[in-house]
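Working through the structure, step by step
Listed here are the chains, written in short residue letters.
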Amino acid sequence: VQLQASGGGLAQAGGSLRLSCAASEKTDNWDVMAWFRQGTGSHRKFVAGIRWSDNGTKYSDSVKGRFTISEDRAKNTADLQMDSLKPEDTDTYYCAVSKTLLGEVHTSAPLYFYWGRGTLVTVSS
């Protein structure tokens, strides 16, 4: 499975960006798609994830109420709508897929096994 992330760029604080992640195929070994972020010298941190079976979502506390993740099963895509952006949202964002455990969208990066290339999000103050 190959993942293609797009949509990063430059935004002002308070503005919006929309990221999109497209999977080359939907296979039985994955049913969760998520976005992570990573800064230089840091580990990847969970941002938001969506469960393919029922659109169940999970968000990190830092983005809850500002970011929205959604899926389009026909296109095998998951978009991340980023509103009310803050300078601290600046990072490289990655999409990834995994398999749910007990139906949960997990937040740990090592549990995700296909990753797309990062897309840079820069928010100016």
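As the structure is a prediction and not an experimental result, all values here were calculated from the model. (Residues numbered from 1 in each chain as written. Predicted model: local features only at pLDDT ≥ 70, side-chain atom pairs only at ≥ 80, totals over all residues. Heavy atoms only, no water.)

Here we look at the sheet that holds strand β3 (residues 17-23)
Pairing within the open sheet is antiparallel, and its four strands lie in the order β1-β3-β8-β7. Strands at the two margins of the open sheet, each flanked by one partner only, are β1 (3-6) and β7 (67-72). Averaged over all pairs of adjacent strands, the angle between strand axes in this sheet comes to 15°, irrespective of strand direction. (Pairing = 2+ DSSP bridges. Helix = DSSP H or I, 4+ residues; strand = E, 2+ residues; numbered from the N terminus. Axes fitted to C-alpha atoms, helices over the stretch in contact; angles between N-to-C directions.)

Concerning the side chain of D89
Mapped onto the elements, D89 comes out in the loop between β8 (77-82) and β9 (91-98). With sequence-adjacent residues up to four places away left out, D89 is seen in contact with R37, R66, F67, S84, V121 and V123. (Contact = heavy atoms within 4.5 Å.)

Concerning the environment of A13
Tracing the backbone shows A13 in the loop between β2 (9-12) and β3. The partly exposed category is assigned to A13, whose relative accessible area is 41%. Sequence separation between A13 and D79 is 66 residues, and the spatial gap between their C-alpha atoms is 20 Å. Once residues lying within four places of it in the same chain are set aside, the contact partners of A13 are L85, P87, V123, S124 and S125. (Buried < 20%, exposed > 50% of the residue type's maximum accessible area, 1.4 Å probe, protein only.)

A short note on a nonpolar patch on the surface
A cluster of nonpolar residues, L101, L102 and L111, forms a patch on the protein surface that exposes about 350 Å² of accessible area. The topology assignment puts L102 in the loop between β9 and β10 (114-115). Classification of L102 as exposed rests on a relative accessible area of 87%. (Patch = residues over 30% accessible without salt bridge, like charges linked within 9 Å, V, L, I, M, F, W, Y side chains within 5 Å. Areas by Shrake-Rupley, 256 points an atom, 1.4 Å probe, with all protein chains shown as cover. Salt bridge = Lys/Arg side-chain N within 4 Å of Asp/Glu carboxyl O.)

Quick word on the side chain of R37
Within the secondary structure layout, R37 lies in strand β4 (residues 32-38). R37 sits in the buried class, given a relative accessible area of 13%. At 2.8 Å, the side chain of R37 forms a polar contact with the side chain of D91. Setting aside anything within four residues of it in sequence, one finds R37 in contact with H43, R44, K45, V47, E88, D89, T90, D91, T92 and Y93. (Polar contact = N/O pair within 3.5 Å; in protein donor to acceptor, adjacent residues only side chain to side chain.)

A closer look at the pattern of salt bridges
One pass over the full model with this rule turns up seven salt bridges. Of the charged contacts, one joins E104 and K58 as a salt bridge, the two residues approaching to 3.6 Å between their closest N and O atoms. Here the residue E104 occupies a position in the loop between β9 and β10, and K58 occupies one in strand β6 (residues 57-59), the gap between them amounting to 46 residues. The partly exposed category is assigned to K58, whose relative accessible area is 29%. The partner of D89 in a salt bridge is R66, and the shortest N-O contact between them spans 2.8 Å.

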